[in-house]
Amino acid sequence: MPADCWMLPPECTLVDVLGKNRFKLDEICSETSTSLNYNEAKNQVDIWGDRESVNRAKLLLDLIVQRLHRRDEPVRRKTKKWGKPERELTEKERKRAGRKQLKEEEERAFQGYPNRPLSYNAIVPFPNKNIPMNQVFGVKEEFLNQLRADCKCFMKYNENTNAISVTGENADKVNEAAARMRNLYLKNARSPHYATLRSFKQPKTNMRVKYRNLPQGFITPRYAPPDKEEHILANNRLLESMVTGVVARIPDSPNLVGLDNEDNDDNAKSDFSDEMQQLDAKNEKKMTGALEMGLESIRLNQEKIRMKIRIGQIVLTDYPKRQGNITLEDLAIKIFPHRKFKSVLAPCIGRSEGELHPLFEWLTSNCIKFTDSPRTSYTIEADQYPQFLPRPSAYARREQQTASMEQDKWRTIIMADFTSDRRVGLWDLIAEGQDIVTISIMDLESYYSWELKLQTAKRFSSFNNRDTPHSQFVESLMLDPETNRLILVPNARDYEPHLITQKTKWVYALDGWIIEVCSDEVWDIHRLGLSKDRLDLPVNLSRFDPHRVIFKFSIYHEKWVTRFAENLSLQVGEAPNWTPVQFLANGDENMHEIINFAREMTTMLSEEVKPFYESHAL
């Protein structure tokens, strides 16, 4: 006799639930170590196995039916005839509905004109008439209505003067409304100030360099399919270096032998032009200006902002073809700053945790380790629609055969943490990520160089909204109890996951800075070899080796995270408390200190961990 059974719901077809030729039954048997057989006489699935495995098999079958119900739910006809009566709201739902109604009433109360003269007034002029006001005020003045309700003021736009008048009974509220209106206008008037700076740390001695091919087994900075990765490895370049990783220097002149280090430095500097001798000072000035403009241009945005310094080796991706040696001055003054020159930073610090043992010893001895280190999280890169696409009836499909219902898909990233019971806890969805400021500094006298990036991305929180593709996809995520690997259902409606990355971060603190060593294990969904029917069932990543593993080293100031967090909670027209001055001219926070700490970390890393391809070469 079977240990248990599972009844097929009458509203679902056999093929929908079990797949063609009962394919899904075989997959569930393999997944749960049970035996399943469809009992046609009773329209049920008979299950054999231990109790835990049987329950797991029934859970997977339930999950298939739930997904079928979700798929069909939007197209079910709703009728008032013989309809199911609406259920009574819970206490929590009643409070939520009451707050929503109160908010709508407050917004309506300050629309239109006041019925009597009010005590305080303000005028907010808009200098630029070319910015559409519906972009500033929102669709149907949704942003303006929010300001009216928050500040309890009447606000009216005058097209002739291109200004908005603010009237209210409270002077502080009127001033607040005017300030927030100005911020709202500036947010729409400003564009992000993009900047890319590539340069060199000022060397102590003159040297000549040349291009070299990427070494065998080089790990590219970002995952790419095998064909694209092969193209990257064949066409990208490093700067030629000795076995020790230090670029070959011009031999010392005989007349310098016997001089002390200071004299050697002075004579070496004389080999450089005046511009090369002032390289560090000019770099610092340019970096400060670029970062100040970049921070100010995104200050009012309600977006996720991140600034971080990564350490690794600079890989040339688009560069002028040169044969033989290149002078350092040509590289620093002509090639690297050129607008067509492009490069990326590759970590290069190791391919396994064991190779980083000296680095972890140094961090343990010199830094404070966070109690929850290492931290594990997952990111899922996907193409998706922002909302579910409508599923038209057969008649509507015939009528709309020539009309496209496709929307533009987003390229999004879900970042998810998990609770102790291996279910999804906090998670975010970000889209339209972009680099605002990129500063790359090549250090030819060290194994490693560094790069600072200021980045932004739109953040979408959907914790209270289950009617989105990403929200329903997240609901199916869980961790394997034995391996802590992710379990997911790839075939989600209007959501197509591509890359899954398990991030393990070892986190340390040092003098107000946060140091992270991160391991990225990447799975490419398209390379797992799953059939179309298999995508409807949970996929346990512990059954597949990652397609790529890479270790990274990064640093950032603890205060940066606190300041940027303010932007995620800004209301309409609000501004954060931080300003660019706090990052660039605030005691121990300035560009000079940023550069010094980045150099300290590159020096430490060069002493503790050689690039993985150099270590294996030795």
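For clarity, every value in this text was computed on a predicted model and none was experimentally measured.

Cut-offs applied
Residues numbered from 1 in each chain as written. Predicted model: local features only at pLDDT ≥ 70, side-chain atom pairs only at ≥ 80, totals over all residues. Heavy atoms only, no water. Helix = DSSP H or I, 4+ residues; strand = E, 2+ residues; numbered from the N terminus. Buried < 20%, exposed > 50% of the residue type's maximum accessible area, 1.4 Å probe, protein only. Contact = heavy atoms within 4.5 Å. Areas by Shrake-Rupley, 256 points an atom, 1.4 Å probe, with all protein chains shown as cover. Axes fitted to C-alpha atoms, helices over the stretch in contact; angles between N-to-C directions. Parallel < 35°, antiparallel > 145°, perpendicular 65-115°, else oblique. Nonpolar A, V, L, I, M, F, W, Y, C, P; charged D, E, K, R; others polar. Core = buried A, V, L, I, M, F, W, Y, C linked by side-chain atoms within 4.5 Å. Left-handed = near helix turned anticlockwise from the far one by under 90°. Pairing = 2+ DSSP bridges. Salt bridge = Lys/Arg side-chain N within 4 Å of Asp/Glu carboxyl O. Disulfide = S-S within 2.5 Å. Patch = residues over 30% accessible without salt bridge, like charges linked within 9 Å, V, L, I, M, F, W, Y side chains within 5 Å. Lys, Arg positive; Asp, Glu negative; His and termini not counted. Charge placed at Lys NZ, Arg CZ, Asp CG, Glu CD. pLDDT = per-residue confidence, 0-100. Polar contact = N/O pair within 3.5 Å; in protein donor to acceptor, adjacent residues only side chain to side chain.

**Side note on the overall build of the chain**
Thought 1: Each helix and strand counted, the chain has 19 helices and 26 strands in total.
Thought 2: Taken over 618 residues, the chain has a buried fraction of 44%.
Thought 3: In the chain, the proportion of contacts linking residues at least 24 apart, taken out of those at least 6 apart, comes to 76%.
Thought 4: Within the structure as shown, the chain displays about 34,000 Å² of accessible surface, and the carbon and sulfur contribution to it stands at 48%.

**Description of the packing of helix H4 (residues 91–109) against helix H6 (residues 142–151)**
Thought 1: Contact pair H4 / H6: the axes reach a minimum separation of 8 Å and the direction vectors enclose 95°. Between H4 and H6, the angle falls in the class roughly perpendicular. Judged by residue contacts, Lys103, Glu106 and Glu107 of H4 engage Asn145, Gln146 and Ala149 from H6.
Thought 2: Here the contact of H4 with H6 is composed, by residue class, of one nonpolar, two polar and three charged.

**Structural notes on the nonpolar core**
Thought 1: Formed by 52 residues in total, the largest nonpolar core has its most connected members in Leu291, Trp450, Leu454, Ile515, Phe553, Phe564 and Met601.
Thought 2: With eight residues, helix H18 (residues 591–608) is the single largest residue contributor to this core.
Thought 3: Excluding anything up to four places from it in sequence, phenylalanine 553 contacts Ile309, Arg310, Ile311, Ile349, Leu359, Ile515, Glu516, Val517, Met601, Met604 and Leu605.
Thought 4: Phe126, Leu144, Met155 and Val166 belong to the second-largest nonpolar core, a separate cluster that totals 23 residues.

**Quick look at the packing of helix H13 (residues 357–366) against H18**
Thought 1: Packing of H13 against H18 leaves a shortest axis separation of 9 Å and a crossing angle of 130°. Accordingly, the angle class assigned to the pair H13 and H18 is oblique. Of the two possible hands of crossing, H13 and H18 adopt the one that is right-handed. In this structure, H13 contributes Pro358, Leu359 and Trp362 to the contact, and H18 contributes Met601, Met604, Leu605 and Glu608.
Thought 2: Residues that form the contact of H13 with H18 fall into these classes: six nonpolar, no polar and one charged.

**Quick notes on the sheet that holds strand S1 (residues 4–7)**
Thought 1: Here three strands make up an open sheet; going across it, the order is S1-S3-S2 and the pairing antiparallel. Each end of this open sheet is capped by a strand with a single partner; those strands are S1 and strand S2 (35–39). When the angles between neighbouring strand axes are averaged without regard to direction, this sheet yields 25°.
Thought 2: Across the sheet, helix H2 (residues 23–32) is in contact with S2 and strand S3 (44–48); its angle to S2 comes to roughly 155°.

**Things to note about the pattern of salt bridges**
Thought 1: Within the structure shown, the criterion is met by 28 salt bridges.
Thought 2: With its nearest N and O atoms 2.7 Å apart, the salt bridge here joins glutamate 91 to arginine 94. Linking glutamate 91 with arginine 94, this pair stays in helix H4, spanning three residues, or about one helical turn.
Thought 3: The structure contains a network of salt bridges with shared partners spanning Asp150, Lys173, Glu176 and Arg180.

**A word on the state of the cysteines**
Thought 1: For the structure shown, the criterion picks out zero disulfides.
Thought 2: For the unlinked cysteine cysteine 153, the closest cysteine sulfur is that of cysteine 151, found at 5.7 Å.
Thought 3: When its relative accessible area of 0% is taken as the criterion, cysteine 153 is described as buried.

**Observations regarding a positive patch on the surface**
Thought 1: Together, Lys92, Lys95, Arg96 and Arg99 make up a positively charged patch on the protein surface.
Thought 2: The topology assignment puts lysine 95 in helix H4.

**A closer look at the pairing of strand S11 (residues 304–318)**
Thought 1: Relative to strand S18 (residues 449–460), S11 is paired through nine bridges, and the arrangement is antiparallel. Following the sheet pairing, isoleucine 305 is matched in S18 by threonine 456.
Thought 2: Where S11 and strand S24 (residues 548–557) come together, three bridges link them in antiparallel fashion. Note that in S24 the partner of isoleucine 311 across the bridge is phenylalanine 553.
Thought 3: Sheet analysis places S11 next to strand S13 (residues 342–346), joined by five bridges and oriented antiparallel. Paired with valine 315 across the strands is valine 344, a residue of S13.

**Describing the sheet that holds strand S6 (residues 163–168)**
Thought 1: Taken in spatial order, the three strands of this open sheet run S4-S6-S5, and their pairing is antiparallel. Two strands close off the open sheet at either side, each with one partner strand: strand S4 (120–125) and strand S5 (154–158). Strand-to-strand, the axes of this sheet are offset by a mean angle of 20°, without reference to chain direction.
Thought 2: Bridge analysis of S5 against S6 gives five bridges, and the strand direction is antiparallel. Bridging from a neighbouring strand, methionine 155 pairs with valine 166 of S6.
Thought 3: The sheet strands contacting helix H7 (residues 171–189) are S4, S5 and S6, and the helix crosses S4 at an angle near 10°.

**A closer look at unusual backbone geometry**
Thought 1: The step from serine 373 to proline 374 runs through a cis peptide bond, and the omega angle for that step is 5°.
Thought 2: Tracing the chain through its elements places proline 374 in the loop between strand S14 (368–369) and strand S15 (375–384).
Thought 3: The phi angle at asparagine 43 is positive, at roughly 50°, despite the residue not being glycine.
Thought 4: In the Ramachandran plot, aspartate 494 falls in the positive-phi region, its phi being about 60° despite a non-glycine side chain.
Thought 5: The residue aspartate 494 is located in the loop between strand S20 (486–488) and strand S21 (495–510) in this model.
Thought 6: By relative accessible area, aspartate 494 is classed as buried at 13%.

**Focus: the confidence of the model for the chain**
Thought 1: Summary statistics for the chain give a mean pLDDT of 85 and a share of 88% for residues scoring 70 or more.
Thought 2: Counting contacts from residues 75–81, a segment whose pLDDT is below 50, to residues more than four positions away or on other chains yields two contacts.
Thought 3: Across residues 397–406, confidence stays below pLDDT 50; counting only partners more than four residues off in sequence or on other chains, it has seven contacts.

**Describing the environment of threonine 364**
Thought 1: Residue position: threonine 364 is located in helix H13.
Thought 2: When its relative accessible area of 54% is taken as the criterion, threonine 364 is described as exposed.
Thought 3: Distance from threonine 364 to tyrosine 508, taken between C-alpha atoms, is 8.3 Å for residues 144 residues apart in sequence.
Thought 4: Reaching out from threonine 364, the side chain makes a polar contact with the backbone oxygen of phenylalanine 360 at a distance of 2.8 Å.

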